[in-house]
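Residue strings, one per chain:
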Amino acid sequence: MLPIATERSGFSDTMLKIKLITVGSLKEDYLRRAEAEYVKRLGGFCCFENVNLKEAKLPDDPSAGEIASALSKEAKDIASALSPRAYKIALCVEGKQYSSEKFAAALLSASAEHSEIDFVIGSSHGLDESIKKMCDMRLSVSEMTFPHQLMRVLLLEVIYRSMNIIKGTKYHK
């Protein structure tokens, strides 16, 4: 269990709640298995919740207007899934990049003020600007482009590694 940092004692006995809100489902079995493995591992550090939202339907070659409309529809579902008390982190290309150690420190700092942290991954077309504005942090995992489906597993690895860094295990090298 990951204790939440407090100013007085350094830690409390309250377990951190982490929610991953994603748009779209994992289609490949190997990605679903990887996701399940990380969710299982995270159970030792936090209360983890996975919220999968339906992706808006788009034609094969959507216009900019159709994409904007789809992102707006998805934003309504995302907004209703966000916890009002949570520290909110949006994954987006323009987000800030961190080393593993600095991101772990950022999570620990956020947990000092919030008992919940919500991560948001939009659809393959990204996130509506309204959701990004609702979030406390914009995070980018890399300047490289990865398949949208793989990003969920990559983020779970980032979170899991951060929890290990905070706890001081040997997982992170």
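What you are looking at is a predicted structure, and each value in this text was computed from that prediction instead of being measured.

Visitor: Where do I start with the overall build of the chain in this structure?
Guide: From N to C terminus, the chain includes five helices and five strands. If you list the helices and strands of the chain from N to C, you get β-α-β-α-β-α-β-α-β-α. A compact globule built from 173 residues should have a C-alpha radius of gyration of about 16 Å, and the chain, at 16 Å, falls within 12% of that. With respect to the principal axes defined by its C-alpha atoms, the chain has extents near 55 × 35 × 25 Å. Counting over 173 residues, the chain shows a buried share of 42%. Restricting the contact set of the chain to residue pairs at least 6 apart, pairs at least 24 apart contribute 81%. When the accessible surface of the chain is totalled, it reaches about 9600 Å², and 52% of it is carbon and sulfur. Positive and negative side-chain charges in the chain, numbering 24 and 23 respectively, have mean positions lying 5 Å apart.

Visitor: I tried to follow the layout of surface pockets on my own but got confused; where do I start?
Guide: Using a probe with the size of a water molecule, rolled over the atoms, empty space left in the structure can be pinpointed. As a volume, the largest pocket reaches approximately 490 Å³. Lining the largest pocket are 24 residues, and of these Leu91, Cys92, Val93, Phe146 and Met151 lie nearest its centre. Among the elements of the structure, strand S3 (87–96) and helix H5 (148–167) are those that each provide at least two residues to the lining of the largest pocket. Top element by residues in the lining of the largest pocket is S3. It accounts for four residues. Each residue belonging to the lining of the largest pocket can be placed in one class, and the counts come to 11 nonpolar, 10 polar and three charged. Considering the residues around the second largest pocket, the lining is formed by Tyr98, Ser99, Ser100, Phe103, Leu139, Ser140, Val141, Glu157, Val158, Arg161 and Ser162.

Visitor: I'm lost on H5 in this one. Help?
Guide: At 3.6 residues per turn, the α-helix brings residues three or four places apart onto the same side. Here H5 is 20 residues long and its end C-alpha atoms lie 29 Å apart, about the 28 Å a rise of 1.5 Å per residue gives. Taken from the residues just after H5, Gly168 is the one with a positive phi, measuring 85 degrees.

Visitor: Got a minute to help me understand the sheet that holds strand S4 (residues 116–121) in this structure?
Guide: The five strands are arranged S2-S1-S4-S3-S5 in an open sheet whose pairing can be described as parallel. Each edge of the open sheet carries a strand with a single partner, namely strand S2 (47–53) and strand S5 (137–139). Each neighbouring strand pair of the sheet contributes to a mean axis angle of 25 degrees, computed without reference to strand direction. Here four bridges tie S3 to S5, and the two strands are oriented parallel to one another. Pairing of Lys96 across the sheet is with Leu139, part of S5. The strands touched by helix H2 (residues 64–81) within the sheet are strand S1 (17–23), S2 and S4, with S1 carrying the most contacts at an inclination of about 170 degrees. Packing against the sheet, H5 makes contact with S1, S2, S3, S4 and S5, and its axis sits at approximately 170 degrees to S1.

Visitor: I'm lost on the confidence of the model for the chain in this one. Help?
Guide: Atomic detail in the predicted coordinates should be set aside for any region of low pLDDT. Confidence in the prediction for the chain averages 91 pLDDT; 91% of positions are at 70 or higher. Note that pLDDT drops below 50 for residues 1–13; the model gives that stretch 33 contacts with residues more than four away or on any other chain.

Visitor: Please clarify how H2 should be interpreted in this entry.
Guide: Taking 1.5 Å of rise per residue, 18 residues should cover 26 Å, and H2 covers 26 Å from first to last C-alpha, within 8% of that figure. Summarising the contacts, the buried residues of H2 are in contact with S1, S2, S4 and helix H4 (129–134).

What counts and what doesn't
- Residues numbered from 1 in each chain as written.
- Predicted model: local features only at pLDDT ≥ 70, side-chain atom pairs only at ≥ 80, totals over all residues.
- Heavy atoms only, no water.
- Helix = DSSP H or I, 4+ residues; strand = E, 2+ residues; numbered from the N terminus.
- Rg over C-alpha atoms; globule rule 2.2 N^0.38 Å.
- Buried < 20%, exposed > 50% of the residue type's maximum accessible area, 1.4 Å probe, protein only.
- Contact = heavy atoms within 4.5 Å.
- Areas by Shrake-Rupley, 256 points an atom, 1.4 Å probe, with all protein chains shown as cover.
- Lys, Arg positive; Asp, Glu negative; His and termini not counted.
- Charge placed at Lys NZ, Arg CZ, Asp CG, Glu CD.
- 1 Å grid on protein atoms, 1.4 Å probe; cavity = no way out; pocket = protein on both sides within 12 Å on 5 of 7 lines; lining within 4 Å.
- Points joined across faces, edges and corners; volume = space filled by probe spheres on them.
- Nonpolar A, V, L, I, M, F, W, Y, C, P; charged D, E, K, R; others polar.
- Expected span 1.5 Å × (residues − 1).
- Pairing = 2+ DSSP bridges.
- Axes fitted to C-alpha atoms, helices over the stretch in contact; angles between N-to-C directions.
- pLDDT = per-residue confidence, 0-100.

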